[in-house]
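# Survey of secondary and tertiary structure
As a plain string of letters, each chain reads:
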Amino acid sequence: MISFLDQKRMDLNYQYRNGDLFVLMTNAGKGVSSVIWDNFKPGSSILIVCGTGNNAGDGIMAAKFLQDKFRVSVYLIKGKSSMKTDMARKALRSFKGKIYEIDEIEKLLEDADIVVDSLLGTGTNGELREPYASVIKKINKSGKKIVSVDIPSGLGTGTMVHPDITVTFTDIKEGMNSSNSGKIEIVDIGIPDNAINYSGPGDLVYLNPPEKDSHKGDNGTLAIIGGWSFHGSAVISSMGALSVGTDLVRVYTTRQNYNIISSYNPEIIVREVTPDSMPLDEIRKHKAILIGPGMGISSIYEKSILSLISSYDGEIILDADALKMLSSHKNSLMGKKITVTPHRQEFLRFYDEDPTKGNAEILSRHYGFTTVLKGSTDTITDGVNTILTDGGNSRMTMGGTGDLLAGIISGLISKGMIRLRACSAGTFVNKKAAEISFNSKSYFFSVNDMIEAIPKVMKLYFEK
Ligand SMILES: NC(=O)C1=CN([C@@H]2O[C@H](COP(=O)(O)OP(=O)(O)OC[C@H]3O[C@@H](n4cnc5c(N)ncnc54)[C@H](O)[C@@H]3O)[C@@H](O)[C@H]2O)[C@@H](O)CC1
Ligand SMILES: [K+]
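Residues numbered from 1 in each chain as written. Chains lettered and ligands numbered in written order. Predicted model: local features only at pLDDT ≥ 70, side-chain atom pairs only at ≥ 80, totals over all residues. Heavy atoms only, no water.

## A word on the pattern of salt bridges
- One pass over the full model with this rule turns up 20 salt bridges.
- Between Asp 20 and Lys 90 there is a salt bridge, with the nearest N and O atoms lying 3.7 Å from each other. On the criterion of sequence distance, the pair formed by Asp 20 in the loop between α1 (4-18) and α2 (22-39) and Lys 90 in helix α4 (residues 86-94) is long-range, its members being 70 residues apart.
- When the shortest N-O distance is used, the salt bridge between Glu 282 and Arg 271 registers 2.8 Å. In this pair, Glu 282 sits in helix α11 (residues 280-284) while Arg 271 sits in strand β10 (residues 269-272), placing the two residues 11 residues apart along the sequence. (Salt bridge = Lys/Arg side-chain N within 4 Å of Asp/Glu carboxyl O. Helix = DSSP H or I, 4+ residues; strand = E, 2+ residues; numbered from the N terminus.)

## What about the UniProt feature "binding site: (6S)-NADPHX" (unreviewed entry) in the protein chain?
- In the numbering used here, UniProt assigns the "binding site: (6S)-NADPHX" (unreviewed entry) feature to Gly 121, Thr 122, Gly 123, Thr 124, Asn 125, Gly 126, Glu 127, Tyr 132, Asp 150, Gly 294, His 343 and Asp 403. These annotated residues cover 283 residues of sequence, and their C-alpha atoms sit far apart, with the largest distance between any two at 56.4 Å.
- Inspection of the secondary structure assignment puts Gly 123 in the loop between β4 (114-118) and α6 (132-141).
- One can find His 343 in the loop between β13 (337-340) and α15 (344-351).
- For His 343, a relative accessible area of 33% translates into the label partly exposed. (UniProt positions renumbered as here; feature names shortened; annotations may be inferred. Buried < 20%, exposed > 50% of the residue type's maximum accessible area, 1.4 Å probe, protein only.)

## Some details on the environment of Ile 36
- Relative to the helices and strands, Ile 36 is located in helix α2.
- Relative accessible area serves as the criterion here: at 0%, Ile 36 is assigned to the buried category.
- C-alpha separation for the pair Ile 36 and Asn 140, spaced 104 residues apart in sequence, amounts to 19 Å.
- Here Ile 36 is in contact with Ile 46, Leu 66, Phe 70, Val 116 and Val 147, once residues within four sequence places are set aside. (Contact = heavy atoms within 4.5 Å.)

## Concerning the side chain of Gln 7
- By secondary structure assignment, the location of Gln 7 is in helix α1.
- The exposure class assigned to Gln 7 is buried, which follows from its relative accessible area of 12%.

## Observations concerning the packing of aromatic side chains
- Under the counting rule described, the total for this entry stands at 10 aromatic pairs.
- Aromatic pair Phe 350 and Tyr 351: ring centres 4.9 Å apart, planes at 65°, arrangement edge-to-face.
- Residue Tyr 351 is classed as buried on the basis of its relative accessible area of 3%.
- Ring geometry for Phe 428 against Tyr 461: centres 5.4 Å apart, planes inclined by 70°, an arrangement best described as edge-to-face. Taken as a pair, Phe 428 in helix α18 (residues 419-441) and Tyr 461 in helix α19 (residues 447-461) lie far apart in primary sequence, 33 residues in all. (Phe/Tyr/Trp six-rings, centres within 6.5 Å; stacked < 30°, edge-to-face > 60°.)

## Side note on the domain arrangement of the protein chain
- Here the protein chain is partitioned into domain 1 (4-196) and domain 2 (204-461).
- One C-alpha centre belongs to domain 1, the other to domain 2, and the line joining them spans 43 Å.
- At the interface, seven residues of domain 1 touch eight residues of domain 2.
- Across the interface of domain 1 and domain 2, roughly 670 Å² is buried in total on both sides, 53% from carbon and sulfur atoms.
- Considering only the surface of domain 1 that becomes buried against domain 2, Leu 5, Arg 9 and Tyr 16 emerge as the three largest contributors, covering 66% of it.
- At the junction of domain 1 and domain 2, the tally comes to two salt bridges.
- Salt-bridge contacts for Asp 390 lead to Arg 17; the nearest nitrogen and oxygen are separated by 2.9 Å.
- Inspection of the region where domain 1 meets domain 2 yields three residue pairs in polar contact (both at pLDDT 80 or more). (Domains from an automatic or database assignment. Buried area = accessible area lost by both parts, 1.4 Å probe. Polar contact = N/O pair within 3.5 Å; in protein donor to acceptor, adjacent residues only side chain to side chain.)

## A word on the coordination of the potassium ion (ligand 2)
- Around the potassium ion (ligand 2), the donor atoms from the protein are Asn 55 (OD1), Asp 117 (O), Leu 120 (O), Val 149 (O), Ile 151 (O) and Ser 153 (OG), and they sit 2.7 to 3.1 Å away.
- The coordination sphere of the potassium ion (ligand 2) comprises six donor atoms, whose angles at the metal cover 69 to 174°; the geometry is irregular.
- Written as a sequence motif, the donor arrangement for the potassium ion (ligand 2) is N-x61-D-x2-L-x28-V-x1-I-x1-S. For the pair Asp 117 and Leu 120, one class covers both residues: buried. (Donors = N, O, S within 2.8 Å, 3.2 Å for Na, K, Ca; no water. Tetrahedral: all angles 85-135°; square planar, octahedral: opposite > 155°, others 65-115°.)

## A word on the sheet that holds strand β11 (residues 288-291)
- Judged by pairing direction, the sheet is mixed, and its nine strands sit side by side in the order β10-β9-β8-β11-β12-β13-β14-β15-β16 without closing on themselves. Among the strands making up the open sheet, the edge pair consists of β10 and β16 (386-389). Here the strands of the sheet are splayed against their neighbours by 20° on average, with no regard to which way each runs.
- Packing against the sheet, helix α16 (residues 357-367) makes contact with β14 (370-373), β15 (378-381) and β16, and its axis sits at approximately 25° to β15. (Pairing = 2+ DSSP bridges. Axes fitted to C-alpha atoms, helices over the stretch in contact; angles between N-to-C directions.)

## Focus on the environment of Lys 41
- Here Lys 41 is to be found in the loop between α2 and β1 (45-50).
- Between the alpha carbons of Lys 41 and Arg 419 there is a distance of 50 Å; along the sequence they are 378 residues apart.

## Considerations on the pairing of strand β9 (residues 248-253)
- Counted residue by residue, β9 has six buried out of six residues, so it is predominantly covered.
- Here β9 shows a buried face lined by Leu 248, Arg 250 and Tyr 252 and a second buried face lined by Val 249, Val 251 and Thr 253.
- Pairing of strand β8 (residues 221-225) with β9, which is carried by five bridges, proceeds in the parallel orientation. Looking across to β9, one finds that Ile 225 is bridged to Tyr 252.
- A crossover links β8 with its parallel partner β9, the connecting element being helix α9 (residues 231-243), and its sense is right-handed.
- As judged from the four bridges shared by β9 and β10, these two strands associate in the parallel manner. Among the inter-strand pairings, Thr 253 is bridged to a residue of β10, identified as Glu 272.
- Remark: the β9/helix α10 (residues 255-264)/β10 crossover connection has right-handed handedness. (Right-handed = clockwise from strand over helix to strand, strands pointing away.)

Put into structure tokens, the structure is as follows:
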């Protein structure tokens, strides 16, 4: 089952790695045409009813492949000039048959034996606007055989096409069943592994932009427990979280490092704690808690961290020293919402197994954690789904890049992204920031350069 957002992710990641979607659109068109060949008499008259996006493009490509054996016409609900995507325009340019625009739908429906519904696909957004709703009602009333492309148009809204057959691509889409979609034919359009199992810009589709009337704190609140031994790590994690748009970041640190962290950046709120007496009520109000950056290890810390975790129901991210400290407490963390971000040695110490993809999957499934095993390729897994993040460069071995990643991921989780998605998007953004920094400073860029690059990466790839 694929959601509309999953499909958008795949499209964007496919384009990022493989170029435009025309090959997939061509395969989609072929898939639709072969289902029609299998189900209907040659010579029948087919009307392809198209919207303005790539769903329309799929329908137009199907029209091309159907022309040999059927009488085919294409109807464009908003006309040629309203085609919204390059791929749909390219499909239209390649079609050399009859095209009708805007007004003539009743007559065309009367003359057709089969209607192909390529009005709206997974790009559908909100309740249907005109003329879509009226045209869909006319199609349903026509009494003709209806074949929907990818999804019945209007699925999930108040008005939808009621097809005899739906030809859907890759996998069934969320909300489809045989009572609303007719017979469902799944067609493999050849989406490669790199668009499904690797992260990319598409992983940011799961991040919502701030609502217009949202208030301070609605877009992420993060508590960072750390900087007790190394102030810099807590600062870098804070900057990672702030640079992906987290509303509030509070660092809970010791008296000794309070002033240093406070003076670094006025956007970081700093609270002074003693490790054995933390203001648990205040800390628990945050949507997520990142524990570990620059924290240090001691048995005094261990007790207070365990009591914080056991009394908190929100999202917890464990990095660095927290992983070392809690390796013998994994069973007591089960049932909590835990993300762990170890590098190879930390993985070995925390899970007591070799740092491999297979072990990350097995152990994440066993404990119910989401794991980011960091490396030249990061492995992100919740034990059910696994995503790999490649890219970046070897300058990322410098100190601080892990703190930065933990901050980015924690920020995204605190903003409401689900763990696996926050981790795949976060690892992509972190590596991309390193690539941009490398382009300007070669092997001599710093973590500060990456911090500066993160908002640029977010702006470049965040599509809403
Ligand atoms: N990865 C894949 O599986 C592929 C998917 N493709 C097709 O691409 C489709 C998605 O294409 P797009 O993202 O271009 O989107 P759609 O083709 O679903 O249409 C989006 C357009 O419809 C309009 N629209 C959206 N919501 C509306 C509403 N409520 N009322 C009126 N108009 C509305 C908007 O103007 C928008 O431009 C898929 O369903 C599939 O058919 C293929 O072309 C290629 C590969
Ligand atoms: K459709």
